[in-house]
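Okay, here's what each chain looks like letter by letter:
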Protein chains: 2
Amino acid sequence: MTTALLDTLRRIVGAAHVLTEGDLAAYEQDWRKRSHGKSLAVVRPGSTAEVAAVVRACADAGAAIVPQGGNTGLSVGSTPDGSGTQVVLSLTRMNAVRAIDRDNLTMTVEAGCILQALQETAEKADLLFPLSLAAEGSCTIGGNLSTNAGGTQVVRYGNTRELCLGLEVVTPQGEVWNGLSGLRKDNTGYDLRDLYIGSEGTLGIITAATMKLFPQPAAQLTAWAAVPSMAAAVRLLGLSHQHLGAGLTGFEVMGQFALSLVIKHMPQLRVPFAGLDGAPPYYVLLENSDSESEEHARQRFEALLELAFEDGCVLDAVVAESLSQAHELWHIRESIPLAQAEEGLNIKHDISIAASRIPAFVEHTDALLQREIPGVRLVNFGHLGDGNLHYNVQAPAGGDAREFLRAQEDRVNALVYDAVAQFDGSFSAEHGVGVLKADKLAQYKSPVALGLMRAIKQALDPQGIMNPGCILQK
Amino acid sequence: MTTALLDTLRRIVGAAHVLTEGDLAAYEQDWRKRSHGKSLAVVRPGSTAEVAAVVRACADAGAAIVPQGGNTGLSVGSTPDGSGTQVVLSLTRMNAVRAIDRDNLTMTVEAGCILQALQETAEKADLLFPLSLAAEGSCTIGGNLSTNAGGTQVVRYGNTRELCLGLEVVTPQGEVWNGLSGLRKDNTGYDLRDLYIGSEGTLGIITAATMKLFPQPAAQLTAWAAVPSMAAAVRLLGLSHQHLGAGLTGFEVMGQFALSLVIKHMPQLRVPFAGLDGAPPYYVLLENSDSESEEHARQRFEALLELAFEDGCVLDAVVAESLSQAHELWHIRESIPLAQAEEGLNIKHDISIAASRIPAFVEHTDALLQREIPGVRLVNFGHLGDGNLHYNVQAPAGGDAREFLRAQEDRVNALVYDAVAQFDGSFSAEHGVGVLKADKLAQYKSPVALGLMRAIKQALDPQGIMNPGCILQK
């Protein structure tokens, strides 16, 4: 059976694109190297028709399919289990930009396009594709869609979901649904598009998408502010919405300890205000995009910061004087994950809470963790504009990080996720569920929601061959 | 059985809220009075628990349920058939605003809240709820969500879908899914929210929702421009996106004939530029919302219009000098439906096409209709910023409109919808499918899409009691 399936797959995509030997680690282990699987084969179709034929062959053989893009996900959603029976279906060869429609402000692209390549494609057309996240050099738009990726510009442009107008999908039966569309309004039946977005390859395979584009802003300015508390950061967010309107394209928060790790491990970076004794507890990185001019953007930023000083929600602030200074400020923010890795293993969370409740959540959960695990260190940073925190937990100073994780990871997760649930938040804001957090979904979603999800899965993939164990536990 | 069900319903909601006698036309006939049904009863539950109990009672009795809000829909989606066996479940008593969260920019409201009341609730909190459409004085937010209503500010704020963060839903089994959420990022499983939005009461009943709010803009300005062609209107749209950015909150197009009807039937209205011989063929109403000041808004508008004159895509333009002048301009736009009704019965379409293809579509379809039905008159207007046209067809001048509709309606619909399909457009941009256009869905959607929709319907409502015949034909 296995040999017959492999032969069929080779006939469909060509023998060169059915990988069964050599080092397949790039396909079989996840980005953070937490899961090491073994596939039956890695298949790399080159067209939608080939994807459909591969799916039909696998369905006929009863073989499970794990769709994969850049394999940069953080929740183990695109790698095979250890059984050696699952087929990894890699979309990376499908990387054509099928069309750019300037007057409609859309582009239609294949699932395997690298996110950064799409940003560049848009830029060449003097337009903006605003999706931006750490893995943009390697992740694919298909993966972004499957996980509904977030990133740093969500406060203005929304998640990947909000940037997508239409999809092309291969169903678990190997049929092609052509739902590509450049329409901004289309109320003809159920919203299949949004059902597939965020379904992490468990309901079908996204092969192409029509994505929104935007005019390039005339200017983009970055500011950095020290704030006296998380509550002050939330107040600054409100003032920014009011005074910058849709100009507010970035609003990131960083805790003092997170920045102290950057200062420690990347001493070449100059981190404003954060290195001193008695440094303020939180910092905010703001971005203002202006359709008029840099001068106007600066004037609006200064007016906002003046108000914020008066209000007391900002202690000190600097507006970048040049693009390179702006890049330096963003670079500090983006260096936090690396700095915390340098400091040692840690327990990561990607949570969201209503912005209004974040100050109380942080106060509650910081105290809880300190009480339960004396000396524990909290690396707290994230996209406050979207209520999204990367609330990470580092071993006490000087402790053995590996031993800390072994002993405490489950307990820390329970404490954090229970607190998140208590504050009506989400245990996965932008990283998806994958296999890694499928147990959390089972634990924290209501039975009614789980029942609805299972009914949908059963209806669309009755054979259960699409990415089994991802999102919904087997 | 029927008596037993009515008794049960009376026990659940109180006898006063089970209507079976007297004039029930307001519940049993649709807004445009095209469909006259007969219900078993109109039930008006006062809480989510009562809705759930009513649904369980109907499910037990095998009685179909037609959920209803303000009953202002244009596609016959909220009235019973003529069988006298269906239960109309009216949500209008559930009209509480459960919470406003200023710092999170959200409000949680019950399905029966009147849209205009929600606009006013937001305004009182010095915030903006931007959903705005003709029926706002009577329609409910539950209906807006069920049909994913559009309206006049979609170009900036999106459809109802984009304004919703979470839902509370009663399933066809009478369970309550509490998916209320003020989260802007939440990637934990399938997107149930967007599946219910736009499903027109066929998968469950939306009882409450958490909706986004926005800061009030500091100023809102309106302009009116005469343009030489539809292509020029699309060019003006592109310039407006580029130079106003997210300040562009309205972009409406109106054909000269549509405005001539306003001039004829509402002579008290002053319609700029349109009344003259050789008047330009199209007009655009633009709205610019500014987070800074009226002066700045005016300056940005003037800069845009200057560029547009130079480009040639604007022939003449006026910027409203006062709020009352702005209201007058909007009033002209909003008077078109009434003016065309005064002129006589007509055949309405609510279509969308990619903005880039609208000029070619209009040229093609105008010519086609003129060729097929000499003398036919086209009342073309709509939300060009969203690619949404109300492309309506009026009988030749002096003809018998009723006879024209009887003889030509099916043929006109076929010509228009075939052309829409040819241009990859949608036959229902913002009005939904209802019972009225269920045949069009069956005709124009791909078999794959229809199969997916039927599978979802069967999975979530296996008994088929939720609004049968709406969206999917029986």
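Turning next to the relation of the copies chain B and chain A. Each copy superposes on the other: chain B lies on chain A with an RMSD of 0.0 Å after a rotation of 180° and an axial shift of 0.0 Å. The transformation relating the two chain copies, once decomposed into turn and shift, fits a two-fold axis.

Residue and element names in this part refer to chain A. For helix α3 (residues 48–61), spanning 14 residues, the distance from its first C-alpha to its last is 20 Å, which sits close to the expected 20 Å at 1.5 Å a residue. Among all positions of α3, only Thr 48, Val 51, Ala 52, Ala 53, Val 54, Val 55, Ala 57, Cys 58 and Ala 59 are buried. The first or second residue beyond α3 is Gly 62, which carries a positive phi of 70°.

With that settled, the discussion passes to the interface of chain B and chain A. Counting residues at the interface gives 82 residues for chain B and 82 residues for chain A. When the buried area of chain B at its contact with chain A is split by residue, B:Lys185, B:Asn187 and B:Tyr190 rank highest and sum to 17% of it. Across the contact surface, chain B and chain A share eight salt bridges. A salt bridge links B:Asp386 to A:Lys185, with the shortest nitrogen-to-oxygen separation between them at 3.0 Å. Linking chain B with chain A are 41 residue pairs in polar contact (both at pLDDT 80 or more). Counting only elements with at least two residues in the side of chain B that touches chain A, the list comes to α6 (154–157), β9 (176–179), α7 (192–196), α8 (230–244), α10 (294–311) and α15 (447–460) of chain B. In terms of residues, the side of chain B that touches chain A owes the most to one element, α15(B), which gives nine residues. Grouping the amino acids of the side of chain B that touches chain A by side-chain chemistry returns 32 nonpolar, 32 polar and 18 charged.

To continue, consider the nonpolar core. Membership of the largest hydrophobic core comes to 207 residues, with the highest contact counts inside it found for A:Phe129 and B:Phe129. Leave out the neighbours within four places in its chain, and A:Phe129 touches A:Met107, A:Leu115, A:Leu118, A:Gln119, A:Ala122, A:Ile141, A:Leu163, A:Met211, A:Lys212 and A:Leu213.

When the charged atoms of two side chains with opposite charge come close together, those side chains can pair. Residues and elements named next belong to chain A. All chains considered together, the criterion is met by 46 salt bridges over all chains. Ionic pairing is found between Asp 194 and Arg 161, a salt bridge with its closest N-O pair at 3.1 Å. In this pair, Asp 194 is assigned in helix α8 (residues 192–196) and Arg 161 in helix α7 (residues 160–163), connecting sequence segments 33 residues apart. Take Asp 194 and Arg 161: they sit in the same class, and that class is buried.

About the thresholds
Numbers given for residues are sequential positions, taken from 1 along each chain in its written order. All chains are assigned letters beginning at A, and all ligands numbers beginning at 1, according to the order in which they are written. Per-residue local features are limited, in this predicted model, to residues with pLDDT of at least 70; the limit for side-chain atom pairs, both in listing and counting, is 80 or more; totals at the level of whole chains, interfaces and linings are taken over all residues. The side-chain numbers reported here are obtained from all heavy atoms of the structure, hydrogens and water having been left aside. Here the copies are superposed with least squares, the fitted atoms being C-alpha atoms of residues at a pLDDT of at least 70 in both. Only DSSP runs of H or I covering at least 4 residues are called helices, and only runs of E covering at least 2 are called strands; the numbering of each starts at the N terminus. Each helix should span, by expectation, one fewer than its residue count multiplied by 1.5 Å. Burial classes: relative accessible area under 20% of the type maximum marks a residue as buried, over 50% as exposed, and values in between as partly exposed (1.4 Å probe, protein chains only). Note on contacts: a residue pair qualifies if any of its non-hydrogen atoms lie within 4.5 Å across the two residues. Buried area, as used here, totals the accessible surface that two parts lose on assembly, with accessibility defined by a 1.4 Å probe and the loss added over both. The working definition used for a salt bridge is a side-chain nitrogen of Lys or Arg within 4 Å of a carboxyl oxygen of Asp or Glu. Counted as a polar contact is a pair of N or O atoms within 3.5 Å, where, for protein atoms, one must be capable of donating a hydrogen and the other of accepting one, and residues adjacent in sequence contribute only when both atoms are in side chains. Ten residues, namely Ala, Val, Leu, Ile, Met, Phe, Trp, Tyr, Cys and Pro, are considered nonpolar, four, namely Asp, Glu, Lys and Arg, are considered charged, and the remaining ones, Gly among them, are considered polar. Residues belong to a common nonpolar core when they are buried Ala, Val, Leu, Ile, Met, Phe, Trp, Tyr or Cys residues joined through side-chain atoms within 4.5 Å.

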